[in-house]
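# A structural walkthrough
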Amino acid sequence: MKLRKVDFYLDWPRSKKITNLRRFIIENLMKKGEVIRWSIVNIKDSVESPNIKKIRIKAVLANSVNS
């Protein structure tokens, strides 16, 4: 098993409710590999669109997909 640390920004559309945020993050992380752990580091408004927030995620993934 190979572990990999990732640190990236994820676009969070305002159409996604806060109650579904955990599921939204995990679904996006699973596209990159098996999720071991993750955390939200920062949330800020997007410069490009008023309907999107940028979420900074740090995670540890196993057997990650090269993307």
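Just so it is clear, the structure is predicted and the values come from calculations on it, not from any experiment.

In this section: the packing of aromatic side chains. Scanning the entire structure with this criterion turns up 0 aromatic pairs. Directly above the ring of Phe-8 sits Lys-32, whose terminal nitrogen or CZ lies 4.8 Å from the centroid.

For the rest of this paragraph, the subject is the environment of Lys-16. Mapped onto the fold, Lys-16 is located in the loop between strand E1 (3-13) and helix H1 (21-30). Classification of Lys-16 by relative accessible area gives partly exposed; the value is 36%.

Looking now at the sheet that holds strand E3 (residues 52-62). Strand order in the open sheet formed by 3 strands is E1-E3-E2, with antiparallel pairing between adjacent strands. With one partner strand each, in any of the chains shown, E1 and strand E2 (34-45) form the two edges of the open sheet. Ignoring which end each strand starts from, the neighbouring axes of this sheet average 20° apart. For E1 and E3, the ladder comprises 11 bridges, and the chain directions are antiparallel. When the sheet's bridge partners are listed, Asp-7 is paired in E3 with Lys-58.

Ranked by size, the top nonpolar core spans 12 residues in total: Val-6, Phe-8, Leu-10, Trp-12, Leu-21, Phe-24, Ile-25, Leu-29, Ile-55, Ile-57, Ala-59 and Leu-61. Of all the secondary-structure elements, those providing two or more residues to this core are E1, H1 and E3. With near-sequence residues (within four places) excluded, Ile-57 lies in contact with Val-6, Asp-7, Phe-8, Leu-10, Ile-25, Leu-29, Trp-38, Ser-39 and Ile-40.

For the rest of this paragraph, the subject is the pattern of salt bridges. Any two side chains of opposite charge can pair if their charged atoms end up close together. Inspection of the entire model under this criterion finds 5 salt bridges. A salt bridge links Asp-45 to Arg-14; the nearest nitrogen and oxygen atoms lie 3.5 Å apart. With Asp-45 in strand E2 and Arg-14 in the loop between E1 and H1, this residue pair connects regions lying 31 residues apart in the sequence. Here Arg-14 falls in the partly exposed class, since its relative accessible area comes to 48%. In this structure, the salt-bridge partner of Glu-48 is Lys-54, at a minimum N-O distance of 3.8 Å. Judged by its relative accessible area of 19%, Lys-54 falls in the buried class.

Parameters at a glance
- Residues numbered from 1 in each chain as written.
- Predicted model: local features only at pLDDT ≥ 70, side-chain atom pairs only at ≥ 80, totals over all residues.
- Heavy atoms only, no water.
- Phe/Tyr/Trp six-rings, centres within 6.5 Å; stacked < 30°, edge-to-face > 60°.
- Lys NZ or Arg CZ within 6 Å of the ring centre and 35° of its normal.
- Helix = DSSP H or I, 4+ residues; strand = E, 2+ residues; numbered from the N terminus.
- Buried < 20%, exposed > 50% of the residue type's maximum accessible area, 1.4 Å probe, protein only.
- Pairing = 2+ DSSP bridges.
- Axes fitted to C-alpha atoms, helices over the stretch in contact; angles between N-to-C directions.
- Core = buried A, V, L, I, M, F, W, Y, C linked by side-chain atoms within 4.5 Å.
- Contact = heavy atoms within 4.5 Å.
- Salt bridge = Lys/Arg side-chain N within 4 Å of Asp/Glu carboxyl O.

Nothing here speaks to function; it is geometry throughout.
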